[in-house]
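Examining the three-dimensional arrangement
Each chain, letter by letter, is given below.
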Amino acid sequence: MAVIRLGFGRQHLGLLKRRSFLVSKLIAVVFAVLLFCEYLIYYLVIFRCDWPEVKTPAHNSGQETLKVMFLADTHLLGEVRGHWLDKLRREWQMERAFQTALWLLQPKVVFILGDIFDEGKWSSPQAWADDVERFQKIFRHPRQVLLKVVVGNHDIGFHYQMSTYKVKRFEKVFNAERLFSWKGINFVMVNSVALEGDGCNICSEAEAELIEISRKLNCSREEHRSSLCGHEQPLPASAPVLLQHFPLYRRSDANCSGVDAAPLEERGIPFKERYDALSREASQKLLWWLRPRLVLSGHTHSACEVLHGMGTLEISVPSFSWRNRNNPSFIMGSLTPTEYALVKCFLPCENTVLATYCVTAGFLVLVHFKLLASPFLFGWNLLRKLKTT
C-alpha cells in the first residue's frame, strides 16, 4: 500500500505541475492577444499606409510638399448619452490610432473636420471642460505638428440650437481662425452651420468673413494689385483648400462607391438641405467666392467623391470613430501650392478585432473543458493500475 500511495503522490504532483504550466501558458496567450488587439494591430495596419506623390515632384518645381492628415467626426461621448464602457473603448481606440499615425507618418498639419464632441450642443460648462480635457489627451501632439479644428453641428448645435455663447466657447479652445496659410498653401475653414442664409447675426458675420477672405484671395491672384487690395501682406498665389463640416449640396450618396461608402440601402435617400448638406445657394456662394481647388468635408460618416460644377473635387471624409463605423479611416494628403495627391489610410476593422477575441475565447473554453476532464482520466487510469496489482 505504501508503494501505491507513493506512486499516487508522485502522479498527483506531476499533474499539478503540468496544470500549473498550462495555466501559465494560457495567461501568456491572453496577454499576447490583448497586446495585439489593443496596441500592436494599430502599428501593423497603419504601417502599410504611405504618403502619396504629387504629379509634379516638389524638388523639381522648387515647391515644398506639405504632409497633411484629414479626419472627421470623432464624436467624443458626453455625460448624457455616453456609457462609461463605450467611452473608454472608443477613446482608447482613437487615441491609439491617432498617436500611432503621428509616430509612423509624421504629418506636419492635422485637420479635424467637425463634430469633435457628441454633446457640445447641450453640454454644461463643467461637462464641456471635461470633454475638452479628454480631447486634448487623446489628440495630444508634438509642438511641430499643427492641429486645426473645424466646427460641426454636434459642437455648437444645428442652426436653431446655435448661439453666440456656444460659438465663442468653441473658438476659445480651438481658435477662430478662418484662413490659414502654410508653405504657400491656403486653407479656408468654414463654419458651415452658420451658412443658413436667413440673415441671423452669426450667419451674417460668417458671410462677411468669407467675403473678406474672398477679397484677399482675389488680390493674391492679381498680377497688378488694385486699390482694393491695399498695402497688406498678400496671400500666397494659390487656389485654396476648402475645409468644412457639412458637405456641399448633393442630392444623395447614390453616386458614392467603395468599401467605406454609405450602405447600399441608404445611398439613395435624398439629402435634406441645411441638415444633411449645405443648401444649393450656400454651396454656389462658397464655390464662387473662394474658387477652391479641393474641398474636404465630414458629417455623413461615410466616404464619397463628388465633382462639382466647376470641376472642383469634394472628398467626404468618413468618421474616425469605431462607434460610427466598422472600418474608420483618414485621408493623407501631399500638397504643394499648385498640386495635390490624396490617399486613404484605413484603420483596424472592428470585426477583425472581435473575431480574434472570439477565436481566443473558443480556444480557452476547449482547454478549460480538457482540464476538467483530466482528473477523471487520472482516476480511471489509477483504478486500472490498482486492479492489475
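Residues numbered from 1 in each chain as written. Predicted model: local features only at pLDDT ≥ 70, side-chain atom pairs only at ≥ 80, totals over all residues. Heavy atoms only, no water.

1. Focus on the overall build of the chain
Helix and strand content of the chain: ten helices and eleven strands. At a minimum sequence separation of 6, the contacts of the chain that also span at least 24 residues come to 74%. (Helix = DSSP H or I, 4+ residues; strand = E, 2+ residues; numbered from the N terminus. Contact = heavy atoms within 4.5 Å.)

2. Comments concerning the pattern of salt bridges
The tally for this structure, following the rule as stated, stands at 20 salt bridges. Notably, a salt bridge pairs K137 with E95, separated by 3.0 Å at the nearest N-O pair. Of this pair, K137 sits in helix α4 (residues 125-138) while E95 sits in helix α3 (residues 84-105), placing them 42 residues apart in sequence. On the accessibility criterion, K137 (48% relative accessible area) is partly exposed. Measuring nitrogen to oxygen at the nearest pair gives 3.5 Å for the salt bridge that ties K285 to E207. Here K285, found in helix α9 (residues 280-290), pairs with E207, found in helix α7 (residues 201-221); they are 78 residues apart in sequence, far enough to count as distant. Here the salt bridges share partners, and the residues they tie into one network are E38, D86, R89, R90, R323 and E350. (Salt bridge = Lys/Arg side-chain N within 4 Å of Asp/Glu carboxyl O. Buried < 20%, exposed > 50% of the residue type's maximum accessible area, 1.4 Å probe, protein only.)

3. A look at the side chain of T74
Among the secondary structure elements, T74 is positioned in the loop between β1 (66-71) and α3. Beyond its immediate stretch of four places on either side in the chain, T74 contacts M94, I112, G114, D115, I116, F139, F320 and S321.

4. Side note on the packing of α7 against α9
Relative orientation and spacing of two packed helices are given, respectively, by the angle between their axes and the distance between those axes. Where α7 contacts α9, the two axes come as close as 8 Å, and the packing angle between them is 30°. With respect to each other, α7 and α9 are oriented roughly parallel. Contacts between α7 and α9 involve E207, L210, I211, I213, S214, L217 and R221 from the former and K285, L286, W289 and L290 from the latter. The class makeup of the residues in the contact of α7 with α9 is seven nonpolar, one polar and three charged. (Axes fitted to C-alpha atoms, helices over the stretch in contact; angles between N-to-C directions. Parallel < 35°, antiparallel > 145°, perpendicular 65-115°, else oblique. Nonpolar A, V, L, I, M, F, W, Y, C, P; charged D, E, K, R; others polar.)

5. Concerning the packing of aromatic side chains
Going through the model one piece at a time under the given rule, you end up with 20 aromatic pairs. Geometrically, the ring pair formed by Y43 and W103 is edge-to-face, given 5.9 Å between the ring centres and 75° between the ring planes. Of this pair, Y43 sits in helix α1 (residues 2-46) while W103 sits in helix α3, and the two are 60 residues apart along the sequence. Its relative accessible area of 58% is what places W103 among the exposed residues. When the centroid spacing of 6.2 Å and the interplanar angle of 70° are considered together, the rings of F111 and F180 count as edge-to-face. With F111 in strand β2 (residues 109-113) and F180 in strand β4 (residues 179-182), the pair connects residues that are 69 residues apart, well separated along the chain. With respect to burial, F111 and F180 carry one shared label: buried. Here the aromatic residues F98, F117, W128, F135, F139, F170, F174, F320 and F330 are joined through ring pairs into a cluster of three or more. The positively charged end of R96 is found above the aromatic ring belonging to W92, 5.7 Å away from the centroid. If you follow K272 out to its NZ or CZ, it ends over the ring of Y275, 4.8 Å from the centre. (Phe/Tyr/Trp six-rings, centres within 6.5 Å; stacked < 30°, edge-to-face > 60°. Lys NZ or Arg CZ within 6 Å of the ring centre and 35° of its normal.)

6. Quick look at the pairing of strand β5 (residues 185-189)
Where burial is concerned, most of β5 is hidden: five out of the five residues are buried. Burial along β5 is two-sided: the face carrying I185, F187 and M189 and the face carrying N186 and V188 are both buried. Between the end of β4 and the start of β5, which pair antiparallel, lie two residues, with K183 showing a positive phi angle near 55°. (Pairing = 2+ DSSP bridges.)

7. Thoughts on the state of the cysteines
Under the definition given, this model contains two disulfides. Here C49 pairs with C345 through a disulfide, and the sulfurs are 2.0 Å apart. Classification of the bridge connecting C49 and C345 rests on its S-S torsion, roughly 85°, and on that basis the disulfide is right-handed. Of the two residues, C49 is situated in the loop between α1 and α2 (58-61) and C345 in strand β11 (residues 340-346); the sequence distance between them amounts to 296 residues. C345 shares its class with C49; the two are buried. One disulfide in the model links C256 with C304; its S-S distance is 1.9 Å. Judged by the torsion about the S-S bond (-75°), the C256/C304 disulfide is left-handed. In this pair, C256 is assigned in the loop between β6 (241-243) and α8 (264-267) and C304 in strand β8 (residues 304-307), connecting sequence segments 48 residues apart. (Disulfide = S-S within 2.5 Å.)

8. Some points on the sheet that holds strand β10 (residues 329-335)
The strand order β3-β2-β1-β10-β11 describes an open sheet built from five strands, whose pairing is mixed. Lying at the two open borders of the sheet, with one neighbouring strand each, are β3 (146-150) and β11. Averaged over all neighbouring strand pairs, the angle between strand axes comes to 20°, with direction disregarded.

9. Here we look at α7
For α7, built from 21 residues, the straight-helix expectation of 30 Å at 1.5 Å per residue is met to within 8% by its first-to-last C-alpha distance of 31 Å. Among all positions in α7, only I202, C203, A206, L210, I213, S214, L217, C219 and S220 are buried. For α7, the secondary structure elements touched by its buried residues are α6 (164-174), β4, β5 and α9. (Expected span 1.5 Å × (residues − 1).)

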